[in-house]
Amino acid sequence: MSSLLQMNDITKSYGSKHALNDVSLEIGPGKIVGLLGSNGSGKSTLMKMVSGLVQPTRGTLTVAGIPVGLKSKGLVSFMPDRPLTESWMKVRDAIVFFQDFYDDFDIAKAREMLQFMKLNESDRVNVLSKGMNERLQLTLALSRDAKLYLLDEPIGGVDPVARGKILDAIVEYYNEDSSIIISTHLVRDIERIFDEVIFIREGEIVMQEEVENIRIKYGKSVDDMFKEVYAE
Amino acid sequence: MSIEFDNNLPIYLQIMNYIKRQIVTGTLKSGDKILSVRELAAELQINPNTIQRTFQELEREEIVETRRGLGRYVTSEESKIMGIKKEMAGELLDRFINGMQELGFAEQDIVSIVAEAVTEVPEPDQDRGVNHRE
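Just so it is clear, the model here is predicted, and its values are computed rather than measured. (Residues numbered from 1 in each chain as written. Chains lettered and ligands numbered in written order. Predicted model: local features only at pLDDT ≥ 70, side-chain atom pairs only at ≥ 80, totals over all residues. Heavy atoms only, no water.)

J.: Help me understand the overall build of chain A, please; the structure alone is not making it clear to me.
T.: Scanning chain A for helices and strands turns up seven helices and ten strands. Computed over the C-alpha atoms, the radius of gyration of chain A is 17 Å, within 12% of the 17 Å expected from 2.2 N^0.38 for a compact globule of 232 residues. Dimensions of chain A along its principal axes, counting C-alpha atoms only, are 45 × 40 × 35 Å. Evaluated residue by residue, chain A yields a buried proportion of 54% over its 232 residues. Across chain A, the fraction of contacts at a sequence separation of at least 24, relative to all contacts at a separation of at least 6, is 68%. A gap of 4 Å separates the mean positions of the 28 positive and 35 negative side-chain charges of chain A. (Helix = DSSP H or I, 4+ residues; strand = E, 2+ residues; numbered from the N terminus. Rg over C-alpha atoms; globule rule 2.2 N^0.38 Å. Buried < 20%, exposed > 50% of the residue type's maximum accessible area, 1.4 Å probe, protein only. Contact = heavy atoms within 4.5 Å. Lys, Arg positive; Asp, Glu negative; His and termini not counted. Charge placed at Lys NZ, Arg CZ, Asp CG, Glu CD.)

Shown next as structure tokens:
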């Protein structure tokens, strides 16, 4: 199996507006990939499409060789930019909810991650701080045994301490046969955990490159490259 | 253990230098076991594949050796460690000589200044100055 995710000429239109325009890309296994773009560039649309929540207007996409649809949903674990938990839940309920919902949910891994994240099972979800909530959402997403993990803005609006903890957890708990796509516009703090980055602007892929190559070829950080690509 | 990364330079090279410096300064001793890819990745918050590449390069330079099923170890060959020292000394010297030439000193002057500095008992102030330059 050579590629975990393959997108061919994907377009998504909302009326006359193209959220994604002729996007083609390929992601191999065992990679942590940064999906970088400003707000409204198409990051979330792309992630929702890969998880099967949004249908492309044109084009084809496969996860581990399987066309995106019912069958591919078990292969993809998606952490959306809005929490999936309900306000009445305690951390414990959220875990049980996920366990009920997903066959591949690894309860032992979830408990271990909760400890690592310093989350208590008896805490109520709606009193968690933003940072703690992101930690919980990440725990839920990474505790599934998936092929492809999609994390939509996991460090957005989170303080540096929680950010560090979240990066730690990603490096510590990701499984080497799978790949992770992380969307963000905060490049500097996170660029060192990426294998490669994809720059997306106005629904189009501007660049896909290994991060060390960016440093070797251009003598630039990914953050500087990002600023250059988006400067106008 | 901590390291300030410069995101403008390849990370694997920076980690290689970091490990080499630990070996030269004796923090890591000849024959010591080094952290696994996972452990070092988590500790430095770096992509595991980058760490993997770092180790591969260190193995290629024969500074680190893999013992099957046991992990990676710092080489027990003193000559390799001496090699790193010479390499680092070379870099230090290049930088020093360039700096002196920029100040307008000729080769002869540089040699005599160094000779003088080495024979003098170094005062703490001078000592600190030299370290800061690095």
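J.: What is the right way to look at the packing of aromatic side chains in this model?
T.: The description of an aromatic ring pair uses the distance of the two centres, along with the angle that the planes make with each other. Residues and elements named next belong to chain A. Per the stated rule, a full pass over the model turns up nine aromatic pairs over all chains. Taking the centre distance of 5.4 Å and the plane angle of 45 degrees together, the rings of F98 and Y102 count as tilted. When the ring of F98 is compared with that of F105, the centres are 5.9 Å apart and the planes differ by 55 degrees; the resulting orientation is tilted. Residue classification places F105 among the buried residues on the basis of a relative accessible area of 8%. Members of the aromatic cluster, joined through ring pairs, are F97, F98, F101, Y102 and F105. (Phe/Tyr/Trp six-rings, centres within 6.5 Å; stacked < 30°, edge-to-face > 60°.)

J.: In this structure, what is going on with the domain arrangement of chain B? I would like to understand it.
T.: Accessible area lost on assembly of the parts is the figure often given for the size of an interface. All names here are of chain B. You can read the domains of chain B as domain 1 (11-76) and domain 2 (79-120). Here domain 1 and domain 2 have C-alpha centroids that lie 28 Å from each other. The interface of domain 1 with domain 2 comprises ten residues on the first partner and six residues on the second. Summed over both sides, the interface of domain 1 with domain 2 buries roughly 760 Å², with 75% coming from carbon and sulfur. Between domain 1 and domain 2 we count two salt bridges in total. The partner of K80 in a salt bridge is E62, with the nearest N and O atoms 3.3 Å apart. For the interface between domain 1 and domain 2, the tally reads two residue pairs in polar contact (both at pLDDT 80 or more). (Domains from an automatic or database assignment. Buried area = accessible area lost by both parts, 1.4 Å probe. Salt bridge = Lys/Arg side-chain N within 4 Å of Asp/Glu carboxyl O. Polar contact = N/O pair within 3.5 Å; in protein donor to acceptor, adjacent residues only side chain to side chain.)

J.: Help me out: how do you make sense of the confidence of the model for chain A in this one?
T.: Should the pLDDT be low somewhere, the predicted coordinates at that spot are not to be read in detail. Within chain A, residue pLDDT values average 92, and 99% of them lie at 70 or more. Within chain A, the element-level pLDDT minimum falls on helix 5 (residues 160-173) of chain A, averaging 87, and the maximum on strand 3 (residues 32-36) of chain A, averaging 96. (pLDDT = per-residue confidence, 0-100.)

J.: Is there a simple way to explain the interface of chain A and chain B in this structure?
T.: Across the boundary between the two partners, chain A contributes 23 residues, which contact 17 residues of chain B. Taken as a group, V171, R192 and E212 of chain A account for 38% of the area that chain A buries against chain B, more than any other trio of residues on that side. For the pair chain A and chain B, the number of links is one salt bridge. With a closest N to O distance of 3.0 Å, E176 of chain A and R38 of chain B form a salt bridge. Summed over the shared surface of chain A and chain B, the result is 14 residue pairs in polar contact (both at pLDDT 80 or more). Those elements giving two or more residues to the side of chain A that touches chain B turn out to be helix 5 and helix 6 (211-218) of chain A. In terms of residue count, helix 5 of chain A provides more of the side of chain A that touches chain B than any other element does, six residues in total. Its residues assigned to classes, the side of chain A that touches chain B shows eight nonpolar, four polar and eleven charged. (Nonpolar A, V, L, I, M, F, W, Y, C, P; charged D, E, K, R; others polar.)

J.: Looking at this model, I keep getting lost on helix 2 (residues 91-101) of chain A. Mind explaining?
T.: Count 3.6 residues to each turn of an α-helix, and residues three or four apart come out pointing the same way. All names here are of chain A. The set of residues buried in helix 2 consists of V91, A94, I95 and F98. Summarising the axial view, the buried residues of helix 2 lie within an arc of 100 degrees, below the 170-degree limit, and thus occupy one face. Residues of helix 2 that are buried in the fold lie against helix 3 (107-116) and helix 4 (130-142). (Arc of directions from axis to C-beta.)

J.: Teacher, can you tell me more about the pairing of strand 6 (residues 76-79) of chain A here?
T.: Two faces make up the sheet, and in a regular strand the side chains alternate between them. Residues and elements named next belong to chain A. The alternating pattern of strand 6 places V76 and F78 and S77 and M79 on opposite faces, both of which are buried. For strand 6 and strand 7 (residues 148-152), the ladder comprises four bridges, and the chain directions are parallel. For S77, the partnering residue across the bridge sits in strand 7 and is Y149. (Pairing = 2+ DSSP bridges.)

J.: Honestly, the sheet that holds strand 3 of chain A in this entry has me stumped. Any pointers?
T.: Whenever strands of a sheet pair, they do so through backbone hydrogen bonds, lying parallel or antiparallel. All names here are of chain A. Spatial strand order, 6-7-8-3-9-10: six strands in an open sheet with mixed pairing. Edge positions in the sheet fall to strand 6 and strand 10 (204-210), since each has one partner strand and no second. Averaged over all pairs of adjacent strands, the angle between strand axes in this sheet comes to 15 degrees, irrespective of strand direction. (Axes fitted to C-alpha atoms, helices over the stretch in contact; angles between N-to-C directions.)

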